[in-house]
Structure formats: C-alpha cells, structure tokens
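Structure assessment
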Amino acid sequence: MADVDIQAKKPKKSPKAKIGGDDALLLALAENRVAIEGVEPEVDCGRFAVKRLEGEPLTVSADIFCDGHDKIDAALIYGPADVDPEQWAEEKFNFVENDRWQATVRFDAPGPYRYSIIAWRDLDASWRDEAKKKRDAGKLTDLELTEARELVAKAAQSGRGSKADVKALGKLADKLAKLAEKGDADGQYALMQSAETTALLQATGQRTNLSRYAGSVPVWVDRERAGFSAWYELFPRSQSGDIDRHGTFDDVIERLPDIQEMGFDVLYFPPIHPIGSTNKKGKNNSLTPAPSDPGSPYAIGSKDGGHDALHPQLGSFDDFARLIAEAKTHGLEIAIDFAIQCSPDHPWIKAHPEWFDWRPDGTIKFAENPPKKYEDIVNVHFYRGALPSIWYELRDIVLFWLNKGVRIFRVDNPHTKPFPFWEWMIAEVRKVDPGAIFLAEAFTRPKVMKRLAKVGYNQSYSYFTWRNEKFELAEYLTELTTEECAEFMRPNFFVNTPDINPLYLQTSGRPGFRTRLALAATLAGNYGVYSGFELCEFLPVPGKEEYLNSEKYEIRAFDWTAEGHIRDDIAFFNRLRQREAAMRDFRNLAFFNFWNDQILYYGKRTADRASYLLFMVNLDPHHDQGGHFEVPLWEFGLPDDATIRATDMVGGESFAWTGKTQHWWLNPSDRPYAVFKLTR
C-alpha cells in the first residue's frame, strides 16, 4: 500500500452568533432550562380564577426538576393583578417528594391577584453538596475553594439583595481571602457551609438558567363573608304579625333582635320592588286572585317603578337606609334578590320593547318552563337589539343598590342567562366594590353550576337539599371539598327555600329539621334557612315539594316562639361556628368510620389541631341509632390505645376516651346530633 501524506486540517471556525430571529428564540429556550409543570391549583389552564378568602392560605404545588445532578431552587411569585410581576413578592418553594414542590401564601385584602413560578439552578447549593462529598472522601482541593470564592464574587455582582447583603458579601469575601492566604482549607470550608453564609447566598446568589412558568394564574380573593356566612331569609311583607296588614321595613327592624339571637349574619329578602297587577297570582298560585292578594314579588314592575324602586307599602329609601344601619348594629348584613324578570307592567316594556320577546301576533311572550307557565312574568333577552344596552342597564341596577348599601345579591335563576353576561357584569361591579358577593340560585346541571362559579359567583346553591343518605352525603361533600371545584365553587347549603319544601322535611317531624340544620351548619361554610324552618313548618302542596299557603302569594303571620320551635338548636350551631376556628374552613372536612349507615360521622379541624371537632348526626328521624365508631387518635399522632379528652359541646361535660374504638347512641327525639371537641 502506498504511503499517504496525511496533513492535519485546521478546524473550521464556528459562525459568529447572530442574536435575533431564530437565534434569539434558541437562546431563550436554552435559558429556560428548569422544567415547571403540573401546577396546582389552576382552573382551566388559567382561564378562570382560583378563589380564596382574605387571610386564607393558598398552597401552590408543582413538579420542578432539571437535567443533571445540580441542585435547583424555586419561588412562588405573586401580587396584585395590576402590578408588574417584577415587583411581586416571593415565597420560597419547599421540596416535598418525587420532584414535587409546594409553597403557601396568603392575601390580606379582597381583589384580583396573580401568581407564577420561577426556578433556577442553584450553583451555591450544588457547591455545598459536592464539597461535602469530596471533603468526606478526603478529596477537597484548593480548586473547589477557589470556586467558592468566585461564587461569592458573582453574588456581589448579581444585583440581588439589599445594601446590607452586599456589605456582608464583602466581609465574607475578605474572610475567605485571609483564610486562603493562611492555607486554611478547613476554615474556608466551614465558613462556606455555615447557616449565615447559606442564607446570604440564597438572598444574593446568581440564579443560573432562571426559568419561568409559561403563564400567570389568576386568583380572586374575597372578604370572609363570601365563604363563611349564615343566612336567614324572610319576606318583609309578612313581618307585621297581622295577615291583614302589609309589613314594612320598620317591622323588619323590630325583628332584628330576634334574628340576631339565633346567630345569623346575613338577612336576605326576596324581591322588594313594585309588583305588577297584570295576571297577578292569587293564593297558592291561583290565576283568580282576590283584590286584596299582594301578588308574587317576582312579578317585578308597575306604575310605581321597576328594579330600582321599592314596593310603596314596604317604605321609602330613607326607611330602607335605616334598616341597613340597624341591621349592622345587630351584626347583620342585608342581602337582596336580583331577579331579572318583569311583570307585564314593568316600565322597561314600553321604554325598551327591543329587550323582550314578542310573538308573531304582537303579544309579549310570558316566561315558561314547560309545562309550567308564569303568566305574571316576562323575561328579557340579552342579544339581538338588546345588546349591549340591557347589559349596561342590569349592571347599573346592581351598582344602584350597591350605592344604597347592599353588598350581597342572591341571583334568581342565573343559569337561564348568558355566561358572558355574568362574567362581564360581576367584573364591572367588582371594579367598584371587590367585596360585593353574588349567590347563584341555580338548581341545574352540575357543569352549569360550576361554570357560574367560574365566571364569578362567590357562592352557589347546591344539591345538598336532596342529599339525605349517608353514602350520597359523603360522596357529594368529598367532591365539593377535594376535587377541582373546591378551588372556585363555594356551596351554600340552604335547608329550604320559598320554592323548595323538601320531602324529607315533609315526613320527618321536628327531629328531621334538627338533623338537616346540624348537617347544613357544620358541613358547609355557607348555609341558610328560610323563615318558618325554625318553627318546623312543613305543610306541602299535596304531591309536590312546595309549601301550601306559600308566602310567595300571600301575607302570613307567625308566632316565632311557638311550641316545638328549634331556635335553640339554630343558636347553638351559629355560636359554635363563630367560636371555633375549625368551622371557618370549608375544605378541612374529613369523614370517619361509624359502623352504622344511619349515622354520618365527620370532623373539622385547624392545621394545628387546636380546634378539632367531631360531629355525629342521626339521619333516621324516626328511630334511635348507635354503634361503634373510631376516634381519630392518629390525627394527633397517638397510638390506638391512647387516651384523649372529649368535651360534649352541647352539654358541656368533659370525659376521656381511651382506645380508638368507642360507642355512642343518638335518640332523634332527644337530640339527633352530637358534637365533641378533642384535646390532647
């Protein structure tokens, strides 16, 4: 084979990088080296806001990891939505397990916020980790110590930290240099591994390959009453005590001490506007009313005005203002009904016919829910010639009442109005008052109810009213407190309404009313009762879940302390809710074992276990029920044979439970529920 002259070839020079176009995208991608994924909570990829109350913890978790073996670190960044993210606060993430990290923050005031996540390669922590391994193996060299001094020098140039931190870095660099001059490797190592140096470098060190989560997650923060409230509903016109005299706002004022005594904090009125006379309904929804029949308050509008007017027989706006002021002195906040429906006599019909549906023969279309027909009501529509004017009008109605001192609105049938309208309108109102509260009265399909919560409703009616069995209560509450909806939907457990007289209450007698009260008041952050519940009113329209002689169609009078009432039970649970911190958190619910399908057994507790309550509720209103149950000793870190103190919160007695398995019995005629507080 012939000799071959092989000459060394010089390597070609790499082309000079051009920063721009594809190169800029490449560099940006390369810098975003730390993976951030699986972020929770986040509603529909950030389309809608996660919800919290002022002061309530928001725990964010994410999978955060990087290639190689370098240490990484991460921080939750958060702040008001209208503030530049560069000015947001930071909260350090803590490693949990399997590349899962989490951090917890709180927000002090209602309003819109956002959060995101940053992560980086922590070369300072990597140095400490590698240096320790090498030193333990006897292989730490001057080169590693030189690298340590360079890390300190780079920290001084990072632009992070305070002036005091920069000064401290200078002193640290001087100490390391002097130790290096002496050849004191152990001294340099110890100084770099000290807690003071670690904290200083965390505050000032370079964040190599600083990576950001692709988006920022919206958070809406409410005042506490949005998530923790006890509602009492009444018809102001029935507060005179005389069926022949229309009640007034002054009559409601007379009842305030009575309502305060039961411990409620929200007093809610169905519509208080003028009522139309066309097709007015009579008693029990009759189509042939007597002249003295007041009509349904949901037939809003007459010659006396519409949604921004008061029914003349209730009183004036001065009377209403006095009611709001007096209610406040009794610890009550007034809520009113926002019902977007009109009597055929509503002023809007003549002023804005384009807001309504008209039949081919020129007549206006009445509200219908076939086979039901509401001859005294017509509905507005939201599109065609009504858009955008009806949207602005309805927004302005809410702002009108907000200006009158009302900050809570129960909205009638919101699921029959467009989602975009609610998202826009609620956001508009929040610009004026971020503490405004909207309760969605939407007994409809689950996904529709959840969408209303997503678009802005602070509270939602729920299926609780029809959940009676142990398994379905546990299943439903587990969904509401642990699945994604817990991040944006706050149920309000109304035990009854003027529209709903549940079959359970029709057939259970006084024990059933006490059972449903106990469940609603302790399972939910928000709950409500419609007046008459405290008197165990149950008389139904035969075969229907409706009240006979309903207040929707007539004025009624009640003896609010009549024999057989359950006012004491209501007052007990409302006091318990106010006094025990565990009651203020909706998502802290846990179900425990009670070996009897007629007894629902559950607990609520604060994170530190300082407030730890157990509840047993007999779901059978006709028979005694009891059996063995488990005391959750494990929740206190105690073994199964340990002793714990229990206090009966109703009777006040204290005693000791020794061992995990105990026994209890509940007599529905005596008391269908038990409440215990556990203390170590």
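Residues numbered from 1 in each chain as written. Predicted model: local features only at pLDDT ≥ 70, side-chain atom pairs only at ≥ 80, totals over all residues. Heavy atoms only, no water.

**Here we look at the overall build of the protein chain**
- Counting its regular elements, the protein chain contains 15 helices and 28 strands.
- Principal-axis analysis of the C-alpha atoms places the extent of the protein chain at approximately 120 × 70 × 60 Å.
- Across the 680 residues in the protein chain, those meeting the buried criterion constitute 53%.
- Of all intrachain contacts in the protein chain linking residues separated by at least 6 positions in sequence, the fraction that spans at least 24 positions is 74%.
- Summing over all exposed atoms, the protein chain offers an accessible surface of approximately 31,600 Å²; the carbon and sulfur share of this is 51%.
- Taking the 85 positively charged and 102 negatively charged side chains of the protein chain as two groups, their mean positions are separated by 4 Å. (Helix = DSSP H or I, 4+ residues; strand = E, 2+ residues; numbered from the N terminus. Buried < 20%, exposed > 50% of the residue type's maximum accessible area, 1.4 Å probe, protein only. Contact = heavy atoms within 4.5 Å. Areas by Shrake-Rupley, 256 points an atom, 1.4 Å probe, with all protein chains shown as cover. Lys, Arg positive; Asp, Glu negative; His and termini not counted. Charge placed at Lys NZ, Arg CZ, Asp CG, Glu CD.)

**Notes on the nonpolar core**
- Judged by nonpolar contacts, the single largest core of 131 residues is most densely connected at Ile64 and Trp422.
- Once you skip the residues sitting within four places of it in the chain, Trp422 turns out to touch Phe338, Ile340, Val411, Pro414, Lys417, Leu452, Val455 and Tyr457.
- Counting 21 residues, the second largest nonpolar core, distinct from the first, contains Ile599, Met616, Ala642 and Ala674. (Core = buried A, V, L, I, M, F, W, Y, C linked by side-chain atoms within 4.5 Å.)

**Observations concerning the UniProt feature "domain: Glycosyl hydrolase family 13 catalytic" (unreviewed entry) in the protein chain**
- Residues annotated by UniProt as "domain: Glycosyl hydrolase family 13 catalytic" (unreviewed entry) correspond here to residues 233–567.
- Here residues 233–567 is 32% helix and 13% strand, with 15 Å between the C-alpha atoms at its ends. (UniProt positions renumbered as here; feature names shortened; annotations may be inferred.)

**Regarding the sheet that holds strand S18 (residues 459–460)**
- What the 8 strands build is an open sheet, ordered S18-S17-S16-S13-S12-S11-S20-S19; its pairing is parallel. Where the open sheet ends on each side, the last strands, each with one partner, are S18 and strand S19 (492–494).
- Bridge count for strand S11 (residues 229–233) against strand S20 (residues 526–530) is 5 bridges, and the pairing is parallel. Bridged to Glu233 within S20 is Tyr530. (Pairing = 2+ DSSP bridges.)

**Remarks on the sheet that holds strand S3 (residues 58–65)**
- The 4 strands are arranged S1-S3-S7-S6 in an open sheet whose pairing can be described as antiparallel. Each having just a single partner strand, strand S1 (35–40) and strand S6 (94–97) make up the two edges of the open sheet. Between one strand axis and the next, the sheet turns by 35° as a mean value, whatever way the strands run. (Axes fitted to C-alpha atoms, helices over the stretch in contact; angles between N-to-C directions.)

**Let's talk about unusual backbone geometry**
- Cis geometry is found at the peptide bond from Glu40 to Pro41, where omega equals 0°.
- For Pro41, the location among the structural elements is in the loop between S1 and strand S2 (50–53).
- Omega for the peptide link from Leu387 to Pro388 comes to 10°, which places this bond in the cis form.
- Along the chain, the position of Pro388 falls in the loop between strand S15 (372–378) and helix H10 (389–403).

**Considerations on the side chain of Arg516**
- Inspection of the secondary structure puts Arg516 in helix H14 (residues 503–523).
- Nearest to the buried, unbridged Arg516 among oppositely charged side chains is Glu472, at 7.1 Å.
- Polar side-chain contacts of Arg516 include one of 3.3 Å to the side chain of Asn468.
- If we ignore the near neighbours within four places in the chain, the residues touching Arg516 are Phe464, Thr465, Trp466, Arg467, Asn468, Val495, Tyr504 and Leu505. (Salt bridge = Lys/Arg side-chain N within 4 Å of Asp/Glu carboxyl O. Polar contact = N/O pair within 3.5 Å; in protein donor to acceptor, adjacent residues only side chain to side chain.)

**Here we look at the pattern of salt bridges**
- In this structure the tally under the stated criterion is 46 salt bridges.
- Residue Arg212 pairs with Glu86 through a salt bridge whose shortest N-O separation is 3.4 Å. Placement of Arg212 in strand S9 (residues 208–212) and of Glu86 in the loop between strand S4 (72–80) and strand S5 (89–92) is noted, with a sequence separation of 126 residues between them.
- Glu86 gets classed as exposed once you look at its relative accessible area, which sits at 54%.
- One salt bridge in this structure joins Asp412 and Arg410, with 2.9 Å as the shortest N-O distance.
- Connected via shared salt-bridge partners are Arg255, Asp258, Glu261 and Arg567.

**Describing helix H12 (residues 446–455)**
- Turning to H12, its buried residues number three or more, namely Val448, Met449, Leu452, Ala453, Lys454 and Val455.
- Elements that come into contact with the buried residues of H12 comprise S2, helix H11 (419–432), strand S17 (437–441) and S18.
- Looking one or two residues past H12, Gly456 carries a phi angle of roughly 145°, positive in sign.

**Points about the UniProt feature "active site" (unreviewed entry) in the protein chain**
- In the UniProt entry, the feature "active site" (unreviewed entry) is given for Asp412 and Glu441. The largest pairwise C-alpha distance within this set of annotated residues, which runs over 30 residues, is 5.4 Å, so the set is compact in three dimensions.
- Residue placement: Asp412 occurs in strand S16 (residues 408–412).
- Leave out the neighbours within four places in its chain, and Asp412 touches Tyr298, Asp337, Phe338, Ala339, Gln341, Lys417 and Glu441.
- Tracing the backbone through its elements, the reader meets Glu441 in strand S17.
- For Glu441, the residues in contact, after removing those within four places along its chain, are Arg410, Val411, Asp412, Asn413, Pro414, His415, Tyr461 and Asp499.
- A polar contact of 2.8 Å, which involves the side chain of Glu441, links it to the backbone nitrogen of Asn413.

**Structural notes on helix H4 (residues 163–181)**
- An ideal rise of 1.5 Å per residue puts 27 Å on 19 residues; H4 measures up with 27 Å between its terminal C-alpha atoms.
- Where H4 is buried, its residues meet helix H3 (142–156), helix H5 (185–193) and helix H6 (195–204).
- Directly beyond the C-terminal end of H4, a positive phi value near 75° is found at Gly183. (Expected span 1.5 Å × (residues − 1).)

**Comments concerning the packing of H4 against H5**
- Direction vectors running N to C along H4 and H5 enclose 160°, while the axes themselves pass 8 Å from each other. Of the possible angle classes, the one that applies to H4 and H5 is roughly antiparallel. The chirality of how H4 crosses H5 is left-handed. On H5, the residues that touch Leu172, Lys175, Leu176, Leu179 and Ala180 of H4 are Gly187, Gln188, Leu191 and Met192. (Parallel < 35°, antiparallel > 145°, perpendicular 65-115°, else oblique. Left-handed = near helix turned anticlockwise from the far one by under 90°.)

**Considering the packing of helix H2 (residues 123–136) against H3**
- Following both chains from N to C, one finds H2 and H3 inclined at 160°, their axes separated by 11 Å at the closest point. When the axes of H2 and H3 are compared, the pair comes out roughly antiparallel. Here H2 runs over H3; the crossing is left-handed. Contact with H2, carried on its side by Leu123, Asp124, Trp127 and Lys134, involves Glu144, Leu145, Glu147, Ala148 and Leu151 of H3 and no other residues of that element.
- Residues belonging to the contact of H2 with H3 are distributed by class as follows: 5 nonpolar, no polar and 4 charged. (Nonpolar A, V, L, I, M, F, W, Y, C, P; charged D, E, K, R; others polar.)

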